[in-house]
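# Understanding the architecture of this molecule
So you can see what is in the structure, the chains are spelled out below.
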Amino acid sequence: MAPFTLAHLSDPHLPPLPKPRLIELAGKRALGYVNWTRNRHKYQRREVLDVLVADVKAQAPDHIAVTGDLVNLALEAEFAPARAWLDDVGPPDRVTTIPGNHDAYVRATFHRFGETFAPYLAGDDGSTGFPSLRRRGPLALISLSTAVPTLPLMATGTLGREQLAALEQMLERLSAEDVFRVLLVHHPLKSDARQKRMTDSGELLALLKRHGVELILHGHDHIHSTMWFEGPNGNIPAVGVPSASALAHGRYPAAAYNLFTIEKDNAGWRCEQTVRSLESGFQIRQIKHTRLV
């Protein structure tokens, strides 16, 4: 059987930002809009995102995972362009997305992500709740949502008891199958930044220690990252990726995405990671290749 290739990109923060109505610029959005107009518009660039996605398509992956923050301030006017962009990335059977904290920026539009991207969220059973399960080749793609509205200056995420309980049941069922389990979540499972952390990551880590998965993919931090967490049969790699639309700035690297090549290896699995990143001259080049599993 040929290896299965999974592409992972995150945090496109789809530019440009539509001009908000005055009534929309209250509370948290006001601060976010000031940040966008003063800083973020300089390095979140649509031309970067377009170059990156073109390269993803050129690699012809079997599936693409987009781990959240498709929009910026969750303005009503942001969702239709973001859906058009995702439709261009690929059809719902070839692309899976989950929400990030910017997709649930305020309570007024908290519901809009689920409505707009329902075909890209839905599990194989048709449901759009979380956790959801999609089977693609040898993969079991398990989607979680940490997206909740938060106070100004906060970018935390939370799974909640119900989602964690349902995830445990799902992993118990999958344990009897010979599948490569990939967990998709926006927030990293460990963060030194209190205002950006997953508030119940300890509960998730304890659950994974009992039941395990083969690979965790996340975004949120806008950096290259590989962390390892304890599972029942060894350590589990958790891989983060920079923003898919970013120019390099400060401590944040330029836009990049990951390709994971997954195949059976005797009684276990083999998973190799290739990192492709924006380089000078708006070219996407391979900058890393390593075996994870």
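Residues numbered from 1 in each chain as written. Predicted model: local features only at pLDDT ≥ 70, side-chain atom pairs only at ≥ 80, totals over all residues. Heavy atoms only, no water.

## Regarding the layout of surface pockets
Filter applied, for reference: Only protein atoms enter the calculation, which uses a 1 Å grid: trapped sets of points that fit a 1.4 Å probe without letting it out are cavities, open sets showing protein on both sides within 12 Å along at least five of seven lines are pockets, and any residue with an atom within 4 Å of a point is a lining residue. Grid points are joined across faces, edges and corners, and a volume is the space filled by probe spheres set on the points. Put simply, Ala, Val, Leu, Ile, Met, Phe, Trp, Tyr, Cys and Pro go in the nonpolar bin, Asp, Glu, Lys and Arg in the charged bin, and everything else, Gly too, in the polar bin.
By volume, the largest pocket is sized at about 610 Å³. Forming the boundary of the largest pocket are 25 residues, of which Asn35, Arg40, His102, Tyr105 and Ala155 lie nearest the centre. Partitioned by chemical class, the residues of the lining of the largest pocket number nine nonpolar, eleven polar and five charged. Of the volumes computed, that of the second largest pocket is approximately 240 Å³. In terms of lining, the second largest pocket is formed by 15 residues, of which the most central are Pro99, Phe110, Phe130, Ser145 and Ala147. Per-class residue counts for the lining of the second largest pocket are nine nonpolar, five polar and one charged.

## Regarding unusual backbone geometry
Worth spelling out the cut-off: Going along the chain from the N terminus, every DSSP run of H or I of four or more residues is numbered as a helix, and every run of E of two or more is numbered as a strand. Accessible area is worked out with a 1.4 Å probe on protein chains only. A residue is then buried under 20% of its type maximum, exposed over 50%, and partly exposed in between.
Omega for the bond connecting Pro15 with Pro16 falls within 30 degrees of zero, at -5°, which places this linkage in the cis form. Across the junction of Phe130 and Pro131, the peptide omega takes the value 0°, indicating a cis bond. Examined against the element boundaries, Pro131 turns out to sit in the loop between helix H5 (118-121) and strand E4 (132-136). One non-glycine residue, Ala60, adopts positive backbone phi at about 50°. Relative to the helices and strands, Ala60 resides in the loop between helix H2 (46-59) and strand E2 (63-66). You can call Ala60 exposed: its relative accessible area is 55%. Positive phi is not limited to glycine here, since Asn266 has a value of about 55°. Among the secondary structure elements, Asn266 is positioned in the loop between strand E10 (256-265) and strand E11 (268-279).

## Section: helix H6 (residues 161-174)
Our working rule: Take the residue count of a helix, subtract one, and multiply by 1.5 Å to get its expected span. What the arc describes is the spread of directions from the helix axis to the C-beta atoms. By the convention used here, residues are in contact when the closest approach between their heavy atoms is within 4.5 Å.
For H6, with 14 residues, the first-to-last C-alpha span of 20 Å sits near the 20 Å given by 1.5 Å per residue. Buried within H6 are the following residues: Gln163, Leu164, Leu167, Met170, Leu171 and Leu174. Seen along its axis, H6 keeps its buried residues to an arc of 120°; they face one direction. Facing away from the buried side of H6, by more than 90 degrees, are the exposed residues Arg161, Glu162 and Arg173. Lining the buried residues of H6 we find E4, strand E5 (139-143), strand E6 (180-184) and helix H7 (201-211).

## Focus on the nonpolar core
Cut-off, in case you're wondering: To form a nonpolar core, buried Ala, Val, Leu, Ile, Met, Phe, Trp, Tyr and Cys residues must be joined to one another through side-chain atoms within 4.5 Å.
The biggest cluster of nonpolar side chains holds 36 residues, and the ones touching the most others in it are Leu9, Ile64, Trp85, Leu86 and Phe117. Elements with a minimum of two residues in this core: strand E1 (4-9), H2, E2, helix H3 (76-89), H5 and E10. With sequence-adjacent residues up to four places away left out, Leu9 is seen in contact with Val56, Ile64, Ala65, Val66, Thr67, Trp85, Val241, Ala244 and Tyr257. Counting 24 residues, the second largest nonpolar core, distinct from the first, contains Leu133, Ile142, Met227 and Phe229.

## Considerations on the environment of Cys271
Of note, Cys271 is situated in strand E11. For the pair formed by Cys271 and Leu184, sequence separation is 87 residues and the distance between their alpha carbons is 16 Å. Excluding residues that lie within four positions of it along the chain, Cys271 makes contacts with Phe180, Leu215, Phe260, Thr261, Ile262, Thr290, Arg291, Leu292 and Val293.

## Details of the packing of aromatic side chains
Stated precisely, the cut-off is as follows: Under the pairing criterion, centres of Phe, Tyr and Trp rings, with the six-membered ring standing for Trp, must be within 6.5 Å; the plane angle then separates stacked pairs below 30 degrees from edge-to-face pairs above 60, leaving the rest tilted. Counted as over-ring charges are cases with an Arg CZ or a Lys NZ within 6 Å of the ring centre that also lie within 35 degrees of the ring normal.
Inspection of the entire model under this criterion finds two aromatic pairs. Ring centres of Phe180 and Trp269 lie 5.6 Å apart, and the angle between their planes is 75°; this geometry places the pair in the edge-to-face category. Note that Phe180 is positioned in strand E6 and Trp269 in strand E11, a separation of 89 residues in sequence. An identical accessibility class is assigned to Phe180 and Trp269; each is buried. Sitting over the ring of Trp269, Lys264 keeps its end group 4.5 Å from the ring centre.

## Section: the pairing of E6
To keep it simple, the criterion reads: Only strands that DSSP links by at least two bridges are regarded as paired with each other. Crossovers are described as right-handed under a simple rule: with the strands pointing away from the observer, the path leading from the first strand over the helix to the second runs clockwise.
Counting buried positions over the five residues of E6 gives five, a clear majority of the element. Sheet topology places E5 next to E6; five bridges connect them, and they run parallel. Following the sheet pairing, Ile142 is matched in E6 by Leu183. Taken together, E5, H6 and E6 form a β-α-β motif whose crossover is right-handed. For E6 and strand E7 (residues 215-218), the ladder comprises three bridges, and the chain directions are parallel. Of the residues in E7, the one forming a bridge with Leu184 is Leu217.

## Details of the side chain of Thr109
Inspection of the secondary structure assignment puts Thr109 in the loop between strand E3 (95-97) and helix H4 (112-116). The residues contacting Thr109, other than those within four sequence positions of it, are Arg29, Ala74, Glu76, Phe79 and Asp103.

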